[in-house]
Amino acid sequence: MALIECSNELAMNTPNRTRRKALGALAAGAMMATDGVQAAVRGLAFSSNATLDAIVIGGGLAGLSAARQLKNQGASVVVIEARNRLGGRISSQVLPNGQVIDLGAQFVSKAQRRISKLVDEVGLTRVQPHDTGDHLFISSSKATPIRVAADAMPLPLFGKLDMLLANWRFEHALHNFRNDISHLDAISASTFLGKLTHTGVTESFLSALIEGEYCVSLDDISAYELLEQVTSMGGLSGLSNSDQWFLSEGTEPLVQHLRTSVGNGLVLNSPAQNLEIKPDSVTVDTPRGKYKARQIIVAVPPQLYDRIGLLNSVPPKHSRVLAAYRSGRVIKTLLIFDRPWWRDRGLSGRIQHIGSFFNSAVDCSSPQGRVGNLVVFSTARSARQLEVNRSESVRIRLAMEWLREVCGTTVPSVIAARSVDWSADPWSLGGYASVRSLGGWLDAPSLFATHGRIHFAGTETATEWRSYMEGALQSAERAAQTVLFNGSK
Ligand SMILES: Cc1cc2nc3c(=O)[nH]c(=O)nc-3n(C[C@H](O)[C@H](O)[C@H](O)COP(=O)(O)OP(=O)(O)OC[C@H]3O[C@@H](n4cnc5c(N)ncnc54)[C@H](O)[C@@H]3O)c2cc1C
């Protein structure tokens, strides 16, 4: 919950342009909430005996985007959403000083063409995270921080050479890994990385980077899953270019935009509870009534399929693989200061800490740098350690203690802060995304292919940029096209 109030002085100092945009976003947010109720009422009208062209379960980026595409082609569609808001793993908040913060997804890269197009369509402002100054690197839970020039790798010479070699071997593996699925899907990604590297220091650095990107322990996924994941981003170059920009208005306006283009047919507060597949239709039960359609798009994370009774409707092998899906773990903590004080100390705000509760930080301050926004991530093992019985206020206190250990005791107090544990969210159960367990590719290579009247969307089902917003949009494109193709059946 919102923690610390901002001073009036700060609110006054925020430039008009930003404040206007922020207030606009706030107003739109309020509108969304009101519309939610209306949409829910309108939604009730659908729960008659009418058979729709499609039902979409899940009002995240994937579900909304699929619904928009279907509506654009004249299809009758209803989107059923469990929460009282749309957007799923996208959620922005406007602080009292007008600053917009992203509690969920935030960064887009130019290589992600669908999300970039949507950003342009909505007319949002891209901001490059501040990167000038030294980064801080801490190699283990007890090591002292070292300052590293922004473009330097924080490894000794032999580690750097080892890294180059590991990089080369990884690229090589990406070329032909699909021919070796039975071996690579049976060994863990950590075993695989161990074989690519010669030194412990490089192995732990590389593992930390990858675990930071995917939010899962490399012991829990197969080498094959890792290679598929990286391939979906266009290879290693995609990985290094994947976190380029954030949006000064936050990511939520993207959701509001899609919501407007979907129009009516949005039903909030309505978790889908059961699916009934009949020869000529699909029926979905919700607390607000039943919905019937010719096709259905399931756009919720796979670890939630069980809740809608989907595991009984797919082949047993698929059901087993889906039941073994693992949620990524991420806790995002946003520390807001009256200014980005680290810049005065020649620091970029980028921190990487292996083995701590908090494993990375990035400066996402407003472009003018009037307010300092340090975004701190706890992912994978770090999140697992941090999440145990800790409330939001305790996490924020621990984050501040950590920052003082890393940057010195003169770190000023925050003017506002938030910390969200996505694993505790019942309608996400984690983030950035969930992944297949070991052996899952071998058992069910085409897990998300259309099954009768059931189509799958959601970032986990994407073949491009899986686990990113871009992946959600790509999966929606594929699902909507298949629904349209199957339309008359
Ligand atoms: C902390 C965090 C940071 C991230 N950072 C980035 C980033 O910087 N860049 C990036 O590209 N991606 C990022 N991501 C990932 C990104 O958020 C997701 O890839 C994307 O938003 C997924 O969209 P989706 O529609 O597939 O799923 P979701 O957003 O999860 O949408 C699924 C929807 O289904 C609903 N639902 C669930 N169960 C039911 C049910 N039974 N009935 C009805 N509705 C149901 C949920 O409430 C939700 O609204 C981040 C994620 C997190 C958590």
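Quick caveat, the model's predicted, so the values are computed rather than measured.

(A) Seen up close, the overall build of the protein. When helices and strands are counted, the protein shows 16 helices and 20 strands. Looking at the protein as a whole, 51% of its 489 residues are labelled buried. At a minimum sequence separation of 6, the contacts of the protein that also span at least 24 residues come to 76%.

(B) Broad picture of the sheet that holds strand S6 (residues 134-138). Pairing in this open sheet of seven strands is mixed, and the strands run S7-S6-S15-S16-S17-S14-S18 from one edge to the other. Strands with a single pairing partner mark the edges of an open sheet, and in this sheet they are strand S7 (146-148) and strand S18 (416-421). Averaged over all pairs of adjacent strands, the angle between their axes in this sheet comes to 20 degrees, without regard to strand direction.

(C) Up close: the site of the ligand. Close to the ligand lie 42 residues; Gly58, Gly60, Gly88, Ala105 and Gly431 are nearest. Ranked by residue count, the leading element in the shell around the ligand is helix H16 (residues 469-486), at four residues. The class makeup of the residues in the shell around the ligand is 23 nonpolar, 13 polar and six charged.

(D) Main features of helix H13 (residues 380-387). Buried within H13 we find Ala380, Arg381, Ser382, Ala383 and Leu386. In this structure, the buried residues of H13 make contact with helix H8 (200-214), strand S14 (330-337), strand S17 (372-379) and helix H14 (392-407).

(E) Here's a closer look at helix H12 (residues 316-323). Within H12, burial applies to His318, Val321 and Leu322. Down the axis, H12 shows its buried residues gathered within 100 degrees of arc, on one side only. Contact partners of the buried residues in H12: helix H15 (440-443).

(F) The arrangement of the pairing of strand S12 (residues 289-298) in detail. For S12, the buried fraction is high: eight of the 10 residues fall into the buried class. Where strand S1 (residues 51-57) and S12 come together, six bridges link them in parallel fashion. Its bridge partner being in S12, threonine 51 is matched across the sheet by lysine 292. Where strand S11 (residues 282-286) lies against S12, five bridges are found, and the strand directions are antiparallel. Looking at the pairing, threonine 286 lines up with glycine 289 of S12. Between S11 and the antiparallel strand that follows it, S12, lie two residues. The pairing of S12 with strand S20 (residues 454-456) spans three bridges and is classified as parallel. Across the sheet, the residue bridging to isoleucine 297 is histidine 455, located in S20.

(G) Broad picture of the environment of lysine 110. When you line up the elements, lysine 110 lands in the loop between strand S4 (100-102) and helix H4 (113-122). Between the alpha carbons of lysine 110 and glutamine 244 there is a distance of 7.4 Å; along the sequence they are 134 residues apart. Ignoring anything within four residues of it in the chain, the contact list for lysine 110 reads Ser116 and Gln244.

(H) Seen up close, the confidence of the model for the protein. Here the protein averages 87 in pLDDT, while 88% of its residues score no lower than 70. Long-range and interchain partners of residues 1-47, a stretch whose pLDDT sits below 50, account for 77 contacts in this model, where long-range means more than four residues apart.

(I) Structural view of the environment of leucine 447. Checked against the element boundaries, leucine 447 lands in the loop between H15 and S20. C-alpha of leucine 447 to C-alpha of valine 321: the two residues are 126 residues apart in sequence and 8.3 Å apart in space. What leucine 447 contacts, discounting residues up to four positions off in sequence, is His318 and Val321.

(J) Spotlight on unusual backbone geometry. Cis geometry is found at the peptide bond from glycine 431 to tyrosine 432, where omega equals -5 degrees. For alanine 380, which is not glycine, the phi torsion reads 50 degrees and is therefore positive. Tracing the backbone through its elements, the reader meets alanine 380 in helix H13.

Conventions we followed
Residues numbered from 1 in each chain as written. Predicted model: local features only at pLDDT ≥ 70, side-chain atom pairs only at ≥ 80, totals over all residues. Helix = DSSP H or I, 4+ residues; strand = E, 2+ residues; numbered from the N terminus. Buried ≥ 20, exposed ≤ 12 C-beta atoms within 10 Å, placed from the backbone. Contact = placed C-beta atoms within 7 Å. Pairing = 2+ DSSP bridges. Axes fitted to C-alpha atoms, helices over the stretch in contact; angles between N-to-C directions. Near = placed C-beta within 6 Å. Nonpolar A, V, L, I, M, F, W, Y, C, P; charged D, E, K, R; others polar. Arc of directions from axis to C-beta. pLDDT = per-residue confidence, 0-100.

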